[in-house]
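# Breakdown of the fold
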Amino acid sequence: MASVLAEVFGIRADQITPELTKNQVGSWDSLKQMDLVMTLEREFGIALEIPDIVRMDSVKNIVDVLAGKGVDLGT
């Protein structure tokens, strides 16, 4: 999943940590949030609902949302 986030936000994969939040990534705006949603839905074959999308404001919360959708990230 780090590679997906790195690609969407234009940052290095080694910068992706559970503590990373939306406020720490300059490119993480509303358009990039929707790009992230579409990429995650396509990558993992899931459908994200509005409450899921709103909750995804940090790497930890993204992992939690994906886990709630049954995605096994191997963590």
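Here, the structure is the one placed above.
Bear in mind the structure is a predicted one, so any value in this text is a computation, not a measurement.

### Some details on the pattern of salt bridges
Scanning all chains against the criterion turns up four salt bridges. For Asp-52, the salt bridge goes to Lys-69, with nearest N and O atoms at 3.1 Å. Residue Asp-52 is located in helix α3 (residues 50-55), and its partner Lys-69 is located in the segment after α4 (59-68); the two are separated by 17 residues in the primary sequence. Its relative accessible area of 32% is what places Lys-69 among the partly exposed residues. Here Asp-64 makes a salt bridge to Lys-60, at a shortest N to O gap of 2.8 Å. Residue Asp-64 and its partner Lys-60 are both found in helix α4; the two are separated by four residues, about one turn of the helix. According to the relative accessible area criterion, Lys-60 is partly exposed, its value standing at 46%. Three or more residues are tied together by salt bridges with common partners; here these are Arg-55, Lys-60 and Asp-64.

### Quick word on the side chain of Gln-33
Residue placement: Gln-33 occurs in helix α2 (residues 30-44). If sequence neighbours within four positions are ignored, Gln-33 has contacts with Trp-28, Ile-53 and Met-56.

### Things to note about the environment of Arg-12
Within the secondary structure, Arg-12 is located in the loop between α1 (2-9) and α2. Exposure remark for Arg-12: the relative accessible area of 52% places this residue in the exposed category. A sequence separation of 17 residues divides Arg-12 from Asp-29, and the C-alpha atoms of the two residues are 17 Å apart. A distance of 3.0 Å separates the side chain of Arg-12 from the side chain of Asp-14, its partner in a polar contact.

Parameters and conventions
Residues numbered from 1 in each chain as written. Predicted model: local features only at pLDDT ≥ 70, side-chain atom pairs only at ≥ 80, totals over all residues. Heavy atoms only, no water. Salt bridge = Lys/Arg side-chain N within 4 Å of Asp/Glu carboxyl O. Helix = DSSP H or I, 4+ residues; strand = E, 2+ residues; numbered from the N terminus. Buried < 20%, exposed > 50% of the residue type's maximum accessible area, 1.4 Å probe, protein only. Contact = heavy atoms within 4.5 Å. Polar contact = N/O pair within 3.5 Å; in protein donor to acceptor, adjacent residues only side chain to side chain.

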